[in-house]
Amino acid sequence: MQGQDGERDRHGARSGGDRSPGAPDGAPDGASAGTAAEVPAGAPTGTPAGAPDGTSAGAPAEVPDPEPRRGRPRSAAAERAILDAVIALLEAGEPLAGLSIERIARTAGVGKATIYRRWSDKEELFVDVVRDMEPDDPPVSGTEGLADLRVMLESLRTRGLAQRSSALLHNIFAQMKSHPKLWNEYHGTVIGPRRLAMVEAVRRAVAAGELRDDLDVELIDDLFVGPMLVRTVHRPDAPLPDDLADRIITALLQGLAPAARV
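Predicted model only: the values in this text are computed from it and were never measured.

> Go over the packing of helix α7 (residues 180-207) against helix α8 (residues 217-234) with me, naming the residues and quoting the values.
Packing of α7 against α8 brings their axes to within 9 Å, and their N-to-C directions diverge by 110°. Classified by the angle their axes make, α7 and α8 are roughly perpendicular. As α7 packs across α8, the resulting crossing turns out to be right-handed. Only Val217, Glu218, Ile220, Asp221, Asp222 and Val225 of α8 make contact with α7, whose side of the interface consists of Arg195, Met198, Val199, Val202, Arg203 and Val206. Of the residues that constitute the contact of α7 with α8, the class distribution is seven nonpolar, no polar and five charged.

Next up, the structure:
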């Protein structure tokens, strides 16, 4: 789901600290309830009597913060533990429908509040689990046309290979499709943006004169993506060679009509 280091925040910034696994709910990471604010070792607790600024003895000196304080950053370790907990439960044979936030929190060693600070419901969490298991989406230039199309087609091929090589990932996708809310969440937050990125790459290719400008860009996109989807989704036994993306692009650019006879 942007990165596997647990720092991704596709739901927007949230304020407040996260608590470490096993800490009481409401306590920030690494602190127990009632812990006093941290004071750097050796820091003065007040200004001596007769100080030049006129402060009285024992009164804390005012030191302006260099920048506004923000909430503690979310714990990458806690997020990693939550994702790993879901994967471990699925590997143990638990169905997606049978997983509860309470069970996931107990397995991860965190409180339910720690999970809800990151994901509003199970569907959002499960989508991030799938994104975490899939190969990362490769970066594209955002300025090229056919070159970016090739990168995204290759990414589609590698995701197909990942599903073939991982029985767990294949099983998760099969279960997702039988749960409309979960599948809609995955489609809206993962598949939809990927398709939009492909369509935009087609537009750039048309603008650059690399593709015809008299066809609907949605149709052109379907012509590029369709063959790869057939190979990766509808024909699980079909080969997915390394040069498949190039072969699809070449076939479409050259056309399927036989060469003119001379």
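> Residues and numbers for the environment of Ile172, please.
Structurally, Ile172 is set in helix α6 (residues 167-176). Distance from Ile172 to Phe126, taken between C-alpha atoms, is 9.4 Å for residues 46 residues apart in sequence. Contacts of Ile172, omitting those with residues within four sequence positions, involve Leu90, Leu96, Val130 and Met133.

> I'd like a description of the packing of helix α5 (residues 146-165) against helix α9 (residues 244-254), backed by residues and values.
Here α5 crosses α9 at 135°, and the two axes come no closer than 8 Å. Here α5 is positioned oblique relative to α9, judged by the angle of their axes. Of the two possible hands of crossing, α5 and α9 adopt the one that is right-handed. Between α5, through Leu146, Arg150, Leu153, Glu154 and Arg157, and α9, the contact on the second element is made entirely by Leu244, Ala245, Asp246, Ile249 and Leu253. Here the residues of the contact of α5 with α9 are counted per class, giving six nonpolar, no polar and four charged.

> Requested: an account of the nonpolar core, with residues and values cited.
Counting 30 residues, the largest nonpolar core has Ile82, Val86, Ile104, Ile115, Leu125, Phe126 and Met176 as its most contacted members. Those elements giving two or more residues to this core turn out to be α1 (76-91), α2 (101-108), α4 (122-133), α6 and α7. The greatest single-element share of this core, amounting to seven residues, is contributed by α1. The residues contacting Val86, other than those within four sequence positions of it, are Leu99, Ile104, Leu125, Phe126 and Val129. Formed by 22 residues, the second largest nonpolar core is a distinct cluster that contains Leu146, Met152, Val206 and Phe224.

What counts and how
- Residues numbered from 1 in each chain as written.
- Predicted model: local features only at pLDDT ≥ 70, side-chain atom pairs only at ≥ 80, totals over all residues.
- Heavy atoms only, no water.
- Axes fitted to C-alpha atoms, helices over the stretch in contact; angles between N-to-C directions.
- Helix = DSSP H or I, 4+ residues; strand = E, 2+ residues; numbered from the N terminus.
- Parallel < 35°, antiparallel > 145°, perpendicular 65-115°, else oblique.
- Left-handed = near helix turned anticlockwise from the far one by under 90°.
- Contact = heavy atoms within 4.5 Å.
- Nonpolar A, V, L, I, M, F, W, Y, C, P; charged D, E, K, R; others polar.
- Core = buried A, V, L, I, M, F, W, Y, C linked by side-chain atoms within 4.5 Å.
- Buried < 20%, exposed > 50% of the residue type's maximum accessible area, 1.4 Å probe, protein only.

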